[in-house]
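Listed below, chain by chain, are the residues.
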Amino acid sequence: MVYNINNLTKLWQLIGNKFNTLSLRKYYSSCYVENSGWPNRVWSDSVNNDESFKEISDIMISNSNTSVFSFFSSKEELEMKNFIIQKYFHEKSTQYGMEKVLDEVYEINTKIELVRVTNINDAELWCTTFYQSFRYLISEETVAKSLDEIEYFIIKKEGIVAGTVMLFITDKTVGIHSLGIIPDMRGKGVAMDAMKVVLNNATKMGYKLAVLQASEMAKNMYLKLGFEEKYLLKNYINRR
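Reference entry: report on the structure contained in this document. On a predicted model such as this, the values are computed, not experimentally measured, just so you know.

**Considerations on the packing of aromatic side chains**
Aromatic ring pairs: the centre-centre distance and the angle between the two ring planes describe each pair.
At step 1: Following the criterion strictly, the structure yields 16 aromatic pairs and no others.
At step 2: Arranged with centres 5.3 Å apart and planes meeting at 15°, the rings of Trp126 and Phe130 form a pair that is stacked. Here Trp126 pairs with Phe130, and both are found in helix α4 (residues 120-134), just four residues apart, close to one helical turn.
At step 3: Taking the relative accessible area as the measure of exposure, Phe130 reaches 0% and is therefore buried.

**Points about the sheet that holds strand β3 (residues 41-44)**
Strand pairing within a sheet occurs via backbone hydrogen bonds; the two strands may be parallel or antiparallel.
At step 1: With respect to topology, 11 strands assemble into an open sheet ordered β1-β2-β3-β4-β11-β5-β10-β9-β8-β7-β6, the strand pairing being mixed. Bordering the open sheet on either side are β1 (23-24) and β6 (112-116), each of which pairs with just one other strand.
At step 2: The pairing of strand β8 (residues 160-170) with strand β9 (residues 173-181) spans seven bridges and is antiparallel. Within β9, the position partnered with Leu167 by the bridge is Ile176.
At step 3: Sheet strands in contact with helix α1 (residues 2-18) are β1, β2 (29-31), β3, β4 (68-73), β5 (89-101), β7 (151-157), β8, β9, β10 (209-215) and β11 (228-238), and its direction is about 100° off that of β8.

**Points about the side chain of Thr94**
At step 1: Relative to the assigned elements, Thr94 resides in strand β5.
At step 2: Among the residues examined, Thr94 registers a relative accessible area of 19% and is labelled buried.
At step 3: Within the structure, Thr94 has its side chain in polar contact with the side chain of Glu91 (distance 2.8 Å).
At step 4: At 2.9 Å, the side chain of Thr94 and the side chain of Lys234 are in polar contact.
At step 5: Among all residues touching Thr94, those that are not within four sequence positions of it are Ala214, Ser215, Glu216, Leu232, Leu233 and Lys234.

**Looking at the pattern of salt bridges**
At step 1: Following the criterion strictly, the structure yields 12 salt bridges and no others.
At step 2: Here Glu55 and Arg25 are joined by a salt bridge, their closest N and O atoms 3.4 Å apart. Of this pair, Glu55 sits in helix α2 (residues 50-62) while Arg25 sits in the loop between β1 and β2; the two residues are 30 residues apart in sequence, bridging distant segments of the chain.
At step 3: The exposure class assigned to Arg25 is partly exposed, which follows from its relative accessible area of 45%.
At step 4: For Lys145, the salt bridge goes to Glu141, with nearest N and O atoms at 3.6 Å. Here Lys145 pairs with Glu141, and both are found in helix α5 (residues 140-146), just four residues apart, close to one helical turn.
At step 5: Residue class for Lys145 comes out partly exposed when judged on its relative accessible area of 36%.

Parameters at a glance
For every chain, the first residue of the written sequence is number 1, and numbering continues from 1 along that sequence. Note on the predicted model: pLDDT of at least 70 is required for a residue's local features to be given, and 80 or more for side-chain atom pairs to be given and counted; whole-chain, interface and lining totals, by contrast, use all residues. Excluding hydrogens and water, the side-chain values take into account all heavy atoms of the structure. Paired rings are identified among Phe, Tyr and Trp, the last through its six-membered ring, by centres lying within 6.5 Å, and are further divided according to the angle between planes into stacked (under 30 degrees), edge-to-face (over 60) and tilted (the rest). Per the convention used, a helix needs a DSSP run of H or I reaching at least four residues, while a strand needs a run of E reaching at least two, with both numbered from the N terminus. Each residue is placed in one exposure class: buried if its accessible area under a 1.4 Å probe, protein chains only, is under 20% of its type's maximum, exposed if it is over 50%, and partly exposed if it falls in between. Note on pairing: two strands pair once DSSP finds at least 2 bridges between them. By definition in these notes, contact holds between two residues if any of their heavy atoms fall within 4.5 Å. The angle between two axes is taken between their N-to-C directions and runs from 0 to 180 degrees, where each axis is a line fitted to C-alpha atoms and a helix contributes only its stretch in contact. In the analysis that follows, any N or O atom pair within 3.5 Å is treated as a polar contact, provided that within protein one partner can donate a hydrogen and the other can accept it, and provided that, for residues neighboring in sequence, both atoms belong to side chains. We define a salt bridge as a side-chain nitrogen of Lys or Arg found within 4 Å of a carboxyl oxygen belonging to Asp or Glu.

And the structure:
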(Lines give C-alpha, C1' and ligand atoms only; values in the text may rest on other atoms or scores of the structure.)
Protein backbone atom coordinates (compact mmCIF):
# COMPACT_ATOMS: atom_id res chain seq x y z
CA MET A 1 0.00 0.00 0.00
CA VAL A 2 2.80 2.43 0.90
CA TYR A 3 4.57 1.94 -2.44
CA ASN A 4 1.29 2.41 -4.29
CA ILE A 5 0.33 5.68 -2.60
CA ASN A 6 3.90 6.94 -2.80
CA ASN A 7 4.01 6.37 -6.56
CA LEU A 8 0.78 8.25 -7.19
CA THR A 9 1.52 11.19 -4.90
CA LYS A 10 5.07 11.53 -6.24
CA LEU A 11 3.54 11.73 -9.71
CA TRP A 12 1.25 14.58 -8.65
CA GLN A 13 4.13 16.29 -6.87
CA LEU A 14 6.32 16.12 -9.97
CA ILE A 15 3.67 17.86 -12.06
CA GLY A 16 3.08 20.45 -9.34
CA ASN A 17 6.81 21.21 -9.25
CA LYS A 18 6.90 21.62 -13.04
CA PHE A 19 4.29 24.37 -12.77
CA ASN A 20 5.39 25.80 -9.40
CA THR A 21 1.99 25.07 -7.84
CA LEU A 22 2.89 22.31 -5.39
CA SER A 23 1.93 22.98 -1.78
CA LEU A 24 3.01 20.48 0.90
CA ARG A 25 1.35 20.85 4.30
CA LYS A 26 1.36 18.77 7.46
CA TYR A 27 -1.79 16.77 6.76
CA TYR A 28 -2.42 17.33 3.05
CA SER A 29 -0.88 18.51 -0.23
CA SER A 30 -2.17 20.17 -3.39
CA CYS A 31 -1.19 21.09 -6.93
CA TYR A 32 -2.83 22.25 -10.14
CA VAL A 33 -2.17 23.12 -13.78
CA GLU A 34 -3.95 26.01 -15.47
CA ASN A 35 -6.05 25.02 -18.51
CA SER A 36 -5.84 21.33 -17.66
CA GLY A 37 -8.06 18.82 -15.90
CA TRP A 38 -5.20 16.99 -14.17
CA PRO A 39 -3.84 16.68 -11.49
CA ASN A 40 -5.71 19.68 -10.00
CA ARG A 41 -6.45 18.33 -6.57
CA VAL A 42 -5.84 18.26 -2.85
CA TRP A 43 -4.85 14.89 -1.39
CA SER A 44 -4.34 13.29 2.01
CA ASP A 45 -4.16 10.00 3.85
CA SER A 46 -4.13 11.48 7.36
CA VAL A 47 -6.78 14.22 7.69
CA ASN A 48 -8.79 13.29 10.77
CA ASN A 49 -10.73 16.26 12.14
CA ASP A 50 -13.42 18.72 11.20
CA GLU A 51 -11.07 21.71 11.12
CA SER A 52 -8.72 20.10 8.58
CA PHE A 53 -11.54 19.00 6.28
CA LYS A 54 -12.95 22.53 6.40
CA GLU A 55 -9.52 23.97 5.58
CA ILE A 56 -9.29 21.73 2.50
CA SER A 57 -12.77 22.80 1.45
CA ASP A 58 -11.78 26.47 1.86
CA ILE A 59 -8.68 25.95 -0.31
CA MET A 60 -10.81 24.40 -3.05
CA ILE A 61 -13.25 27.32 -2.89
CA SER A 62 -10.45 29.88 -3.14
CA ASN A 63 -8.74 28.12 -6.06
CA SER A 64 -11.16 26.69 -8.62
CA ASN A 65 -8.29 24.76 -10.24
CA THR A 66 -8.00 22.42 -7.23
CA SER A 67 -11.35 20.88 -8.02
CA VAL A 68 -10.96 17.41 -6.46
CA PHE A 69 -10.09 16.19 -2.96
CA SER A 70 -8.54 12.69 -3.02
CA PHE A 71 -8.53 10.78 0.26
CA PHE A 72 -6.62 7.51 0.71
CA SER A 73 -8.13 5.25 3.32
CA SER A 74 -9.42 1.86 4.35
CA LYS A 75 -13.14 1.18 4.13
CA GLU A 76 -13.38 1.16 7.92
CA GLU A 77 -11.66 4.52 8.29
CA LEU A 78 -13.91 6.10 5.66
CA GLU A 79 -16.99 4.89 7.50
CA MET A 80 -15.68 6.46 10.74
CA LYS A 81 -15.00 9.84 9.10
CA ASN A 82 -17.91 9.88 6.68
CA PHE A 83 -20.13 12.07 8.85
CA ILE A 84 -17.44 14.80 8.80
CA ILE A 85 -16.63 14.40 5.12
CA GLN A 86 -20.28 14.78 4.17
CA LYS A 87 -20.41 18.21 5.81
CA TYR A 88 -18.06 19.59 3.17
CA PHE A 89 -17.91 17.22 0.19
CA HIS A 90 -19.90 15.18 -2.31
CA GLU A 91 -18.39 11.91 -3.46
CA LYS A 92 -17.33 12.07 -7.11
CA SER A 93 -15.77 8.64 -7.65
CA THR A 94 -14.17 5.64 -5.99
CA GLN A 95 -10.93 4.04 -7.09
CA TYR A 96 -9.25 0.91 -5.79
CA GLY A 97 -5.54 0.94 -5.01
CA MET A 98 -4.25 -2.31 -6.49
CA GLU A 99 -0.85 -3.91 -6.84
CA LYS A 100 0.86 -7.00 -8.21
CA VAL A 101 4.26 -8.59 -7.74
CA LEU A 102 5.91 -8.89 -11.15
CA ASP A 103 6.63 -12.59 -11.32
CA GLU A 104 5.11 -13.91 -14.57
CA VAL A 105 5.03 -13.38 -18.34
CA TYR A 106 1.71 -13.16 -20.20
CA GLU A 107 0.88 -14.58 -23.59
CA ILE A 108 -0.45 -11.96 -26.04
CA ASN A 109 -2.42 -13.04 -29.09
CA THR A 110 -2.92 -9.69 -30.83
CA LYS A 111 -0.49 -7.12 -32.20
CA ILE A 112 -0.35 -4.37 -29.59
CA GLU A 113 2.29 -1.65 -29.83
CA LEU A 114 3.21 0.97 -27.24
CA VAL A 115 4.67 4.07 -28.92
CA ARG A 116 6.47 6.37 -26.49
CA VAL A 117 5.85 10.12 -26.69
CA THR A 118 9.13 11.91 -27.42
CA ASN A 119 8.14 15.26 -28.97
CA ILE A 120 5.39 17.87 -29.13
CA ASN A 121 3.62 16.24 -32.07
CA ASP A 122 3.43 12.96 -30.16
CA ALA A 123 2.23 14.89 -27.10
CA GLU A 124 -0.60 16.45 -29.11
CA LEU A 125 -1.74 13.01 -30.34
CA TRP A 126 -1.48 11.55 -26.84
CA CYS A 127 -3.58 14.35 -25.34
CA THR A 128 -6.21 14.09 -28.08
CA THR A 129 -6.45 10.32 -27.61
CA PHE A 130 -6.58 10.69 -23.84
CA TYR A 131 -9.46 13.15 -24.12
CA GLN A 132 -11.35 10.79 -26.41
CA SER A 133 -10.86 8.01 -23.86
CA PHE A 134 -11.64 9.88 -20.63
CA ARG A 135 -13.52 13.04 -21.71
CA TYR A 136 -11.31 15.38 -19.71
CA LEU A 137 -8.15 17.22 -20.63
CA ILE A 138 -4.48 16.74 -19.81
CA SER A 139 -2.75 19.68 -21.46
CA GLU A 140 -0.02 19.28 -24.08
CA GLU A 141 2.15 21.55 -21.95
CA THR A 142 1.85 19.10 -19.05
CA VAL A 143 3.03 16.21 -21.21
CA ALA A 144 5.78 18.22 -22.90
CA LYS A 145 7.21 19.43 -19.58
CA SER A 146 7.31 15.97 -18.00
CA LEU A 147 7.97 13.45 -20.79
CA ASP A 148 11.59 12.93 -19.71
CA GLU A 149 10.45 11.72 -16.26
CA ILE A 150 7.04 10.22 -17.05
CA GLU A 151 6.67 7.63 -19.81
CA TYR A 152 3.66 8.50 -21.97
CA PHE A 153 2.63 5.86 -24.51
CA ILE A 154 0.15 5.81 -27.38
CA ILE A 155 -1.43 2.36 -27.64
CA LYS A 156 -1.81 1.01 -31.16
CA LYS A 157 -3.55 -2.16 -32.27
CA GLU A 158 -2.37 -3.40 -35.66
CA GLY A 159 -1.10 0.11 -36.39
CA ILE A 160 -4.32 1.91 -35.44
CA VAL A 161 -4.36 4.38 -32.53
CA ALA A 162 -6.42 2.79 -29.76
CA GLY A 163 -5.64 4.51 -26.47
CA THR A 164 -3.14 5.85 -23.96
CA VAL A 165 -1.16 4.75 -20.94
CA MET A 166 1.26 6.56 -18.63
CA LEU A 167 4.05 4.90 -16.61
CA PHE A 168 5.82 6.46 -13.64
CA ILE A 169 8.70 4.70 -11.94
CA THR A 170 9.59 5.05 -8.25
CA ASP A 171 12.41 2.78 -7.08
CA LYS A 172 11.54 -0.73 -8.35
CA THR A 173 7.83 0.09 -8.59
CA VAL A 174 6.10 0.85 -11.88
CA GLY A 175 2.95 2.94 -11.55
CA ILE A 176 0.43 2.39 -14.34
CA HIS A 177 -1.78 5.43 -14.93
CA SER A 178 -4.20 6.81 -17.52
CA LEU A 179 -4.87 3.52 -19.29
CA GLY A 180 -7.76 4.47 -21.55
CA ILE A 181 -9.21 3.15 -24.81
CA ILE A 182 -11.06 5.33 -27.33
CA PRO A 183 -14.74 4.40 -27.88
CA ASP A 184 -14.26 2.90 -31.36
CA MET A 185 -11.67 0.43 -30.04
CA ARG A 186 -13.46 -0.76 -26.92
CA GLY A 187 -14.75 -4.29 -26.52
CA LYS A 188 -11.87 -5.75 -28.52
CA GLY A 189 -9.57 -6.78 -25.70
CA VAL A 190 -7.20 -3.86 -26.27
CA ALA A 191 -6.99 -2.77 -22.62
CA MET A 192 -6.22 -6.31 -21.41
CA ASP A 193 -3.56 -6.88 -24.07
CA ALA A 194 -2.02 -3.45 -23.52
CA MET A 195 -1.76 -4.23 -19.80
CA LYS A 196 -0.07 -7.53 -20.59
CA VAL A 197 2.49 -5.70 -22.74
CA VAL A 198 3.12 -3.18 -19.96
CA LEU A 199 3.54 -5.90 -17.34
CA ASN A 200 5.78 -8.05 -19.56
CA ASN A 201 8.00 -5.06 -20.33
CA ALA A 202 8.18 -4.08 -16.66
CA THR A 203 9.19 -7.61 -15.69
CA LYS A 204 11.93 -7.65 -18.35
CA MET A 205 13.20 -4.30 -17.05
CA GLY A 206 13.62 -5.77 -13.58
CA TYR A 207 10.85 -3.89 -11.77
CA LYS A 208 9.43 -5.75 -8.78
CA LEU A 209 5.95 -4.31 -8.26
CA ALA A 210 3.18 -2.88 -10.45
CA VAL A 211 0.68 -0.48 -8.86
CA LEU A 212 -2.42 1.31 -10.11
CA GLN A 213 -5.74 2.85 -9.10
CA ALA A 214 -8.69 1.13 -10.76
CA SER A 215 -12.22 2.30 -11.38
CA GLU A 216 -15.15 0.06 -10.45
CA MET A 217 -15.56 -0.75 -14.15
CA ALA A 218 -11.94 -1.79 -14.67
CA LYS A 219 -11.29 -3.55 -11.35
CA ASN A 220 -12.27 -7.03 -12.53
CA MET A 221 -9.83 -6.87 -15.44
CA TYR A 222 -6.98 -6.18 -13.05
CA LEU A 223 -8.10 -8.94 -10.70
CA LYS A 224 -7.92 -11.37 -13.64
CA LEU A 225 -4.33 -10.26 -14.22
CA GLY A 226 -3.43 -11.08 -10.61
CA PHE A 227 -3.67 -7.66 -8.98
CA GLU A 228 -4.83 -7.41 -5.36
CA GLU A 229 -6.93 -4.65 -3.83
CA LYS A 230 -5.07 -2.78 -1.06
CA TYR A 231 -7.00 0.41 -0.22
CA LEU A 232 -9.71 2.82 -1.32
CA LEU A 233 -9.15 6.18 -2.98
CA LYS A 234 -12.21 8.38 -2.67
CA ASN A 235 -12.44 11.50 -4.83
CA TYR A 236 -14.67 14.34 -3.64
CA ILE A 237 -15.93 17.68 -4.89
CA ASN A 238 -16.96 20.59 -2.70
CA ARG A 239 -20.44 20.60 -1.20
CA ARG A 240 -20.21 24.28 -0.19
